[in-house]
Amino acid sequence: MSLLVVGLSHRSAPVSVLERAALSTDAQIKLAQDTVAAEPAAEAAVLGTCNRIELYADVDKFHAGVAELSTLLAQHCGVGLEELTPYLYVHYEDRAVHHLFSVACGLDSMVVGEGQILGQIKDSLARAQELHTAGRLLNDLFQQALRVGKRAHSETGIDRAGQSLVTFGLEQLSAGQDVEAWAEGRRALVIGAGSMSSLAAATLARAGVAEIVVANRTFERAERLAQILADAEGALARAVRMDAVPAELTRADVVVSCTGATGLVLTADALADALKDRTGEVATEVADGGRTPAEAPLPPTTVGTEENCPLDLAAVQGASGFSVHGEAAVAGLDAAALEQHAAWVAGGTVDRREQGTGRALKAVEDTRAEAGLIDALAQTAATVGRVPEHRRPEPVAEIPRPAPAVFLLDLAMPRDIDAAAHRLAGVRLVDIESLAEASADAPMAADVDQVRRIVSDEVAAFGAAQRAQHITPTVVALRTMAADVVAAEIARLDGRLPGLDARQRGEIRQAVHRVVDKLLHAPTVRVKQLAAEPGGAGYADALRTLFDLDPETVAAVSRAVDNTDEKDRPA
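So, how was this worked out
- Residues numbered from 1 in each chain as written.
- Predicted model: local features only at pLDDT ≥ 70, side-chain atom pairs only at ≥ 80, totals over all residues.
- Heavy atoms only, no water.
- Phe/Tyr/Trp six-rings, centres within 6.5 Å; stacked < 30°, edge-to-face > 60°.
- Helix = DSSP H or I, 4+ residues; strand = E, 2+ residues; numbered from the N terminus.
- Buried < 20%, exposed > 50% of the residue type's maximum accessible area, 1.4 Å probe, protein only.
- Lys NZ or Arg CZ within 6 Å of the ring centre and 35° of its normal.
- Expected span 1.5 Å × (residues − 1).
- Arc of directions from axis to C-beta.
- Contact = heavy atoms within 4.5 Å.
- Pairing = 2+ DSSP bridges.
- Axes fitted to C-alpha atoms, helices over the stretch in contact; angles between N-to-C directions.

Asks: For this particular structure, what's the right way to read the packing of aromatic side chains?
Replies: Two aromatic rings are characterised by how far apart their centres lie and by the angle between their planes. If you walk through the whole model with that rule in mind, you get four aromatic pairs. Relative to Phe-142, the ring of Tyr-56 lies with its centre 5.4 Å away and its plane at 80°, an arrangement referred to as edge-to-face. Placement of the pair is Tyr-56 in strand β3 (residues 52-59) and Phe-142 in helix α7 (residues 136-155), with a sequence separation of 86 residues. Residue classification places Tyr-56 among the buried positions, given a relative accessible area of 0%. On the numbers, 5.9 Å between centres and 80° between planes, the contact of Phe-101 with Phe-462 is edge-to-face. Separated by 361 residues along the polypeptide, Phe-101 in helix α5 (residues 94-104) and Phe-462 in helix α19 (residues 447-496) bring together distant segments of the chain. There is no split in this pair, since Phe-101 and Phe-462 are both buried. Over the face of the ring belonging to Phe-219 we find Arg-241, whose NZ or CZ atom lies 4.1 Å from the ring centre.

Listed below in structure tokens is the structure:
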């Protein structure tokens, strides 16, 4: 087994790179075909989802395989290899199996435990089978991955560790409210009629939205989804063409978009126009993040308040952007300036505005302490080149945003909705990037550990089965050779002892077969056991060498086994 996977996902690459690297179904088909046409690969399958693109292949050479698969992936994604390489990950043999099984269980998903990935793995396998780019290895691998994923969901509570991307996205839109209570009575516009859009529409229907409008470039698919929603979910649903989307935006409360478009489906300008038509007011922008520095008076400070002080307090204060006090007053100044100021303070200058002996003595003590602090800071500056800033910026005040008039959920990759829309007042936008940030802090269920154990056990079992399967053609070839030797010897005996009757010949034939079977039984059983262990691949070579088996005979047996497996596989 020489399984290799090269890919990138939300864990290895930023959304901007994933968007550019996304492949349509046709592009995935072409990538698989070109991969098996390349020299190092005998089999290939492409797994593409909204947040990952992975190329699986059976290769005969690791380094050549990595180079070839990386180059092919970059070419078909349209991203330069040098730019793409830092975001690629590579898994080989058992690590590649472990990766796919983890993906199938939802452990590698943006929302841990989501089950939609199983359907995407199934689609990937079906395409590879239809293209005849998947042989025995990838067929076994992907079918076992589906079984492992189903086992994880049925035997553990991994479903409690996370939800589907759609459900998680709606929870983010509702900002902590109960989704059903939030969705009840709202009008929804779903753009796209693929699997993700259909799931979103069904989820919204079950949540109790008042109406669902489905828009799609192929109007018939939009009609079919609307009919399914009406029949299966009892929802009030209708279909529209894509050119009706601007008008529908003026009425929709919730918009979910997930299409295969390579460009933006909804621009910020289009959304601003829709808000204007809806509210009668021009959509305004709020500051990015909705935060601005608070207006607060600066606390008093003795640093730099004296006449002739060498510190330019105004310059320091303006550069830092927050109150100048203590070490913040001298942050970023070089050692020479600090030493100059320390010498000035050490001269004993006291604030002449202080009245009374006690206050004067207190001021002297303060300035001396300050001089000692600045001396220490100067030494730090001389060592590291600058004084590090340890103070946090002043608190910032939240700018209240108006309650959202439109909720946008963008599940597409590349994105359908202009990211600039989140700056429009009255809009709440959740997209793949914000979902990734939100899910990074989501709590992991204890069941995840159990799923990880299942994955580890299944990887070991799959590796053992593949290694044992690898030696099967050699064992079959050995038994075939033994049968040929027995047949030749029986024929020679017939020539030398023509007087034997049929019963005697049968007894002799059975005796010889029993002897050969008993001699071969223990070695062949043991070699299968040894071959199933890690590092057991060499036992097949040893068997071929010891019994001088013809490599072409072994290869012919292997091809026959593959053809038999192909016939037995489900369509």
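Asks: How should helix α11 (residues 219-233) be read in this particular structure?
Replies: Here α11 is 15 residues long and its end C-alpha atoms lie 21 Å apart, about the 21 Å a rise of 1.5 Å per residue gives. Within the sequence span of α11, burial applies to Phe-219, Ala-222, Leu-225, Ala-226 and Leu-229. Down the axis of α11, the sector holding all buried residues measures 125°, keeping them to one side. Counted as exposed and oriented over 90 degrees from the buried face of α11: Asp-231 and Ala-232. Of the surrounding elements, those touching the buried residues of α11 are α10 (195-207), β6 (211-216) and β7 (237-241). Within two residues after α11, Gly-234 carries a phi angle of roughly 65°, on the positive side.

Asks: Is there a simple way to explain the pairing of β6 in this structure?
Replies: Looking along a regular strand, one sees side chains alternate from face to face of the sheet. In terms of burial, β6 is largely enclosed, as six of its six residues are buried. By the alternation rule, side chains of β6 split into Glu-211, Val-213 and Ala-215 and Ile-212, Val-214 and Asn-216, which are all buried. For strand β5 (residues 187-191) and β6, the ladder comprises five bridges, and the chain directions are parallel. Looking across to β6, one finds that Ala-188 is bridged to Ile-212.

Asks: Would you explain the sheet that holds strand β11 (residues 406-410) in this entry?
Replies: Backbone-to-backbone hydrogen bonds pair the strands of a sheet. The strands run either parallel or antiparallel. Pairing is parallel across the open sheet formed by six strands, whose spatial order is β7-β6-β5-β8-β11-β12. The strands lining the two open edges of the sheet, one partner per strand, are β7 and β12 (427-431). Taken over all neighbouring pairs, the strand axes of this sheet differ in orientation by 20° on average, direction set aside. Across the face of the sheet, α11 comes into contact with β6 and β7 while running at roughly 170° to β7.

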